[in-house]
Every structure is written in C-alpha cells, then in structure tokens.
Amino acid sequence: LPEQIIDDMTTILYKNGKIEPKMLQEYASLSDYADGICDTVNRAVSILREEKFRLCREGGYAEYLEIMSRMLTDARTADEKEKAVNDAMSLSVSEALSTCGLTMGDGKVFGLRRPHFIIAAEDETGKKISSPELKEEIERRTDIRLGTPEFYRRGNMALMECNAAKAYAAPAAYLGMPAEGELVSGDSVRLFESSLGVFSAMICDGAGSGEGAERASRFVSDFLSQMTPSPSALSLVNHITRHRGEEYVTTADIFSLDLYTGQAYFLKSGASTSYVKRGNSIFRIKSRTAPLGVMKNAECEKIRVEIQDGDIVIMTSDGFSGGDDCPWIYELLAKNPPEKMSDYADILLKEAKKHTPQTDDMTVVVIKIAKKR
C-alpha cells in the first residue's frame, strides 16, 4: 500500500479503534478490496489488543503479588518484634521492684513500640505492687508512660499487667476550597489513626481540578487510610490505579506520627512542600518525585523528621502557594499561631487566597505535636 494510505489508516485506527470499508471508498485502488482489507486489519488489531491486555494483566498480577508479599513480610517482622522479650526494659523493671521494696519479684516486658508489662512479686497485702511509687519508678527507669494496670492475686503472690500508654497527641485541623469555577475540590484530606497507634494526616491532590480530580484523589485517600502508610502501601495503590482502566493520577503527601514513640516521617509522591514550625524557626520538607499513577514503579520518598513537644506541622496542596515557595509563607509562619488548630488553618487559607490566583484547588492541614505528661 502507498505510504500515505498507511498513514491515513493508522490515524483512523488511533482515533476510532477500527476502520470501516466506507472509509476506504475514496481510494479507487482499494475500493474492490475494502471489505477484505478492513477485516484483516481489524482482526490483527483485535489480536494485538488482547495480547497487550494479557501481558499487562499477567505482569500486573505478578507485581501485585510481589508488593503484597513485601507488605506481609514487613507486618510479620513488626509483629515478631512486639512479641519478643525486651531484655533491657525487663531489667529496668526488676530494678524498680527492688527499689520499691519488692525484692522477691520479677518483671518481663514484651515488645518495642508498645511494650506490654507483666510483673509478679511476693506481696501479701498487694499495697506495694499497686502503689503509685512503683508505677512512677517503672516509668522513670523505662521512659515509658504506663496505662491503667490490672492486678491479680495467687496466694502470697501479686501480679500486675499493663500496656504502655500513648506518649503523644496530635490535634489537627484542615480547610480547603475548590478552584475558581469548580463545585468540588480535587484535593482529598484524611486524618486518621491506625490500630497500631500511628496518627496520619494525608493530602491527595488529583491531577487538574473538578470532579475527575476529586474522584481520583478520593479513591487513593480512601485506600491509604485503611492501613498504616508506608512505601509499600503507596506502591500497591500505584499499581492498582495503573490497572484500573482509567487515568487516576494524584499526588500523595502523608505525615505520620507514632503516638507511642514520637517517631515521625513524611511520605511524598509528587507532593508540594510541607513545613515544621518550632517557635520562630521554620523547617522545610521538600521532595522531587512523580505523582502516583504516572510511573510503573511508584516514586516515593520517606523523610524522617525529629519532632518536639509544641511543634506544628503545616501541609499544603500545590494550589495553596502556586507550587513554589513564597516569601509570604515564611513571614506568616514566623508569627505566633492561635491556640486552636482550626483557627490557624483559617488564617493560613485566607492569607493564601490573598497571594495566590485561585486557578487550582487550595488545601491546608495543620497538626500540633503535644507530648502527654
């Protein structure tokens, strides 16, 4: 066939997925063979499409199994650590018992993140093992806040059992608004705590704005909020969005705080800059990664941050500052914040509206780090 006819047929196939005999009638040299040509070409295209789908499905299934295997391995490793005896902490408990006059006793501590305490001692009245002094001594030596203990008696032996209590709280608030001319925002926000005691704040920013962006960001945020966020979780949702059959591209910006240990980190995939405010000092958290749904393998950066009591974490979507760091942001963050995080979010969003054209959705999340006493 002449090269021009091949080019024309390729264009038609790209637009319509198939060619019709009537599309070839204008070519006199093809009019007698139009039905045969169309049938052959359409059949070949169908076979290629099915083969591509099969390869994509098989490759996608293998990738899915690999990600799930990695997540299960990580979960099993973490679970084993929480069941193992913590020798150093157990020794500290035994020393606390001796200090409080319970020389005929012993204690075992299991786990690292959320230690579980089991203590047994010879105490006829049970007054020593249940005393506030013993609890305070254990907390001092282990640097762990204890929850409400339970007590049991077996003859002259008294037993105490309790879990560690959360050491931190994270009061948070958020506000957002859609881009000018849109009824819904393409940004989705989730504030949630996992069953393991990890607090997370998340902004997912769907590509563009309006209902399509909102649908994509809501799917990703709903999915991720069902688990403790991790690079493996982002890999899984990236895999799922790429095999849904529709274009779901969204950024993911996640701040996670372990409420037991105080360890904190950001997970960023295509997300905008975040900030940590400590008094008048501002720390910038930035990453250069692609959004979810773009690359075969998720681009995700995990950034660990040291947090202190009283720090405030500020997260924003791209539309908040237009995508770039601006002097007005640092000037605003340097000022003393109000006590309520909801008031602070309101102040930040109002200021953003003054400085940034509302061509994109705007969202701001603020979290205060509060250490429990």
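Higher on the page you've got the structure.
Residues numbered from 1 in each chain as written. Predicted model: local features only at pLDDT ≥ 70, side-chain atom pairs only at ≥ 80, totals over all residues. Heavy atoms only, no water.

S.K.: Mind laying out the side chain of Ser317, listing which residues take part and the relevant values?
M.R.: Locating Ser317 in the fold gives a position in the loop between β14 (312-316) and α7 (318-321). Overall, the relative accessible area of 3% leaves Ser317 in the buried class. A polar contact is formed between the side chain of Ser317 and the side chain of Asp187, at a distance of 2.9 Å. Polar contacts involving the side chain of Ser317 include one to the main-chain carbonyl oxygen of Asp361, which spans 3.4 Å. (Helix = DSSP H or I, 4+ residues; strand = E, 2+ residues; numbered from the N terminus. Buried < 20%, exposed > 50% of the residue type's maximum accessible area, 1.4 Å probe, protein only. Polar contact = N/O pair within 3.5 Å; in protein donor to acceptor, adjacent residues only side chain to side chain.)

S.K.: Run through the sheet that holds strand β4 (residues 157-163), naming residues and quoting values.
M.R.: The strand order across the open sheet built from 4 strands is β1-β2-β4-β3, with neighbouring strands paired in antiparallel fashion. At either margin of the open sheet sits one strand with a lone partner, and together these are β1 (105-110) and β3 (150-154). This sheet shows a mean twist of 15° between the axes of neighbouring strands, independent of strand direction. In the sheet, strand β2 (residues 116-122) pairs with β4 via 7 bridges, with the strands oriented antiparallel. Its bridge partner being in β4, Ala121 is matched across the sheet by Ala158. (Pairing = 2+ DSSP bridges. Axes fitted to C-alpha atoms, helices over the stretch in contact; angles between N-to-C directions.)

S.K.: Explain the pattern of salt bridges to me, using residue names and the numbers behind them.
M.R.: Scanning the entire structure with this criterion turns up 14 salt bridges. Ionic pairing is found between Arg278 and Asp311, a salt bridge with its closest N-O pair at 2.7 Å. Note that Arg278 is positioned in strand β11 (residues 274-278) and Asp311 in the loop between β13 (301-305) and β14, a separation of 33 residues in sequence. A residue is classified by how much of its surface remains accessible, and Arg278, at 23% relative accessible area, is partly exposed. According to the relative accessible area criterion, Asp311 is buried, its value standing at 1%. (Salt bridge = Lys/Arg side-chain N within 4 Å of Asp/Glu carboxyl O.)

S.K.: Just give me the short version of empty space enclosed by the protein, but keep the residues and values in it.
M.R.: This structure, assessed with the given rule, holds 2 cavities of 30 Å³ or more. Put simply, the parts of the chain that give the lining of the largest cavity at least two residues each are β8 (198-206) and β9 (250-258). In terms of residue class, the lining of the largest cavity is built from 2 nonpolar, 5 polar and 3 charged. Here the second largest cavity is characterised by a volume of approximately 30 Å³. Elements represented by at least two residues in the lining of the second largest cavity include exactly β14 and α8 (327-333). Top contributing element to the lining of the second largest cavity by residue count: α8, with 4 residues. Residues belonging to the lining of the second largest cavity are distributed by class as follows: 8 nonpolar, 1 polar and no charged. (1 Å grid on protein atoms, 1.4 Å probe; cavity = no way out; pocket = protein on both sides within 12 Å on 5 of 7 lines; lining within 4 Å. Points joined across faces, edges and corners; volume = space filled by probe spheres on them. Nonpolar A, V, L, I, M, F, W, Y, C, P; charged D, E, K, R; others polar.)

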